[in-house]
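This is what each chain is made of:
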Amino acid sequence: MTEQLTGGCACGAVRYEAKGEIEFSFNCHCRKCQRSTGTGHSSAFAIDVAGIQFQGEVREHKAISDNGAATYSGFCPTCGSPLTSRTERFPNRIYIHAATLDDPSHFSPSVIVFEEAAQPWDPPIKNLEAAPK
Ligand SMILES: [Zn+2]
Ligand SMILES: [Zn+2]
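Draft legend 1. Representation of the coordination of the zinc ion (ligand 1) within the structure. For the zinc ion (ligand 1), the full set of protein donor atoms is Cys9 (SG), Cys11 (SG), Cys76 (SG) and Cys79 (SG), and the range of their distances to it is 2.3 Å. Site description for the zinc ion (ligand 1): donor spacing in sequence, C-x1-C-x64-C-x2-C. With Cys9 in the loop between strand E1 (5-8) and strand E2 (15-18) and Cys76 in the loop between strand E7 (70-75) and strand E8 (82-87), the pair connects residues that are 67 residues apart, well separated along the chain. Like Cys9, the residue Cys76 is buried in the burial classification.

Draft legend 2. Structural context of the packing of aromatic side chains. As enumerated under the stated definition, the model contains four aromatic pairs in all. Where Phe26 meets Tyr95, the ring centres are 5.3 Å apart and the plane angle is 85 degrees; that geometry is what we call edge-to-face. With Phe26 in strand E3 (residues 24-28) and Tyr95 in strand E9 (residues 93-97), the pair connects residues that are 69 residues apart, well separated along the chain. The pair Phe26 / Tyr95 is uniform in exposure class, with both members buried. Put simply, the rings of Phe24, Phe26 and Tyr95 touch in pairs and so form one group of aromatic residues. In this arrangement the basic side chain of Arg86 is found over the ring face of Tyr72, its NZ or CZ atom lying 4.6 Å from the centre. Of note, Arg93 hangs over the ring of Phe90, and the distance from its end group to the ring centre comes to 4.6 Å.

Draft legend 3. Quick look at the nonpolar core. In terms of nonpolar packing, the biggest core is built from twelve residues, these being Leu5, Tyr16, Ala18, Ile22, Phe45, Ile47, Ile52, Ile94, Ile96, Ala98, Leu101 and Phe107. The set of elements that each furnish at least two residues to this core consists of E2, strand E4 (42-48) and E9. Ignoring any residue separated from it by four or fewer positions in sequence, one finds Leu101 in contact with Leu5, Thr6, Gly7, Tyr16, Phe45, His106 and Phe107.

Draft legend 4. A look at the coordination of the zinc ion (ligand 2). At this site the zinc ion (ligand 2) is bound by Cys28 (SG), Cys30 (SG) and Cys33 (SG), with donor distances of 2.1 to 2.3 Å. Positions of the donor residues of the zinc ion (ligand 2) along the chain correspond to the pattern C-x1-C-x2-C. For the residue pair Cys28 and Cys30, the accessibility class agrees, reading buried in each case.

Draft legend 5. A look at the sheet that holds strand E10 (residues 111-113). Read across the open sheet, the eight strands follow the order E6-E7-E8-E9-E4-E3-E10-E11; overall the sheet is mixed. The sheet is open, and its two borders are formed by strand E6 (59-64) and strand E11 (129-130), each paired with just one other strand.

Draft legend 6. Up close: the environment of Arg86. As for its position among the elements, Arg86 is in strand E8. Each C-alpha atom, one on Arg86 and one on Ala130, is 19 Å from the other, the two residues being 44 residues apart in sequence. The residues contacting Arg86, other than those within four sequence positions of it, are Glu60, Ala70, Thr71, Tyr72, Arg93, Ile94 and Tyr95. Within polar-contact distance, the side chain of Arg86 engages the side chain of Glu60 at 2.7 Å.

Basis of the calculations
- Sequence order as written defines the numbering, with residues in each chain counted from 1.
- Here chains are named by letter from A upward and ligands by number from 1 upward, in the order in which they appear as written.
- It should be noted that, the model being predicted, local features are given only for residues of pLDDT at least 70 and side-chain atom pairs only at 80 or more, the latter also being counted only at that level, while totals for whole chains, interfaces and linings use all residues.
- Only heavy atoms go into the side-chain values, all of them from the structure, while hydrogens and water stay out.
- Donor criterion used throughout: N, O or S atom within 2.8 Å of the metal, extended to 3.2 Å for Na, K and Ca. Water excluded; incomplete-looking sites may result.
- In this description a helix means any DSSP run of H or I spanning at least four residues, a strand means any run of E spanning at least two, and both kinds are numbered starting from the N terminus.
- Using a 1.4 Å probe on the protein chains alone, a residue whose accessible area is under 20% of its type maximum counts as buried, one over 50% counts as exposed, and one in between counts as partly exposed.
- When two rings of Phe, Tyr or Trp (its six-membered ring) have centres within 6.5 Å they constitute a pair, described as stacked for plane angles under 30 degrees, edge-to-face for angles over 60, and tilted for the intermediate range.
- We call a charge positioned above a ring when the Lys NZ or Arg CZ atom is no farther than 6 Å from the ring centre and deviates by at most 35 degrees from the ring normal.
- Definition of nonpolar core: a set of buried residues of the types Ala, Val, Leu, Ile, Met, Phe, Trp, Tyr and Cys, connected through side-chain atoms within 4.5 Å.
- Note on definitions: a residue-residue contact is assigned when non-hydrogen atoms from the two residues lie within 4.5 Å.
- A pair of strands is treated as paired once DSSP finds two or more bridges between them.
- Here a polar contact is taken to be a pair of N or O atoms separated by no more than 3.5 Å, where protein atoms must pair a possible hydrogen donor with a possible acceptor and residues adjacent in sequence count only if both atoms sit in side chains.

Below, the structure written as C-alpha cells:
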C-alpha cells in the first residue's frame, strides 16, 4: 500500500501525513501495549520514520518492553491519545496506532505480536502470521 495516509489525535493538536509504504500491520498483545492503550492490545502499522511527517507535539514515554528493549510510546500531551510507538531494536521504523487514521478501514492486521500475553477478555484474531524477527 503506497497511498497517502493521514490521521491525528482525538483533539486535533497532532496531525500526521504518511507517504511511505506500510511495512506490515499488526495487533500486539504485550503488557506495554495494554497499559499504553488502556485496552487488550494495540493495532498499529509499521512505516519508515522518513516517510511520515507530524504537525504538533508528540510527547514520548519510555518503557521496557516484554523482550527487554527500550520502547517509546508517543501521545498527544493535550488529549492523551496514543499515537505512535518506537523501539530501539528497529530505529528506522515507527508504529502508528491504527485508529488514529482518518479512515481506519485502511488498516488490516496480518501479523500478531505477543499472542501469549493476550487477555481472556480480548482473544487474539486467529491465523495471523507470527511477528517478523
Ligand atoms: Zn490531542
Ligand atoms: Zn506491544
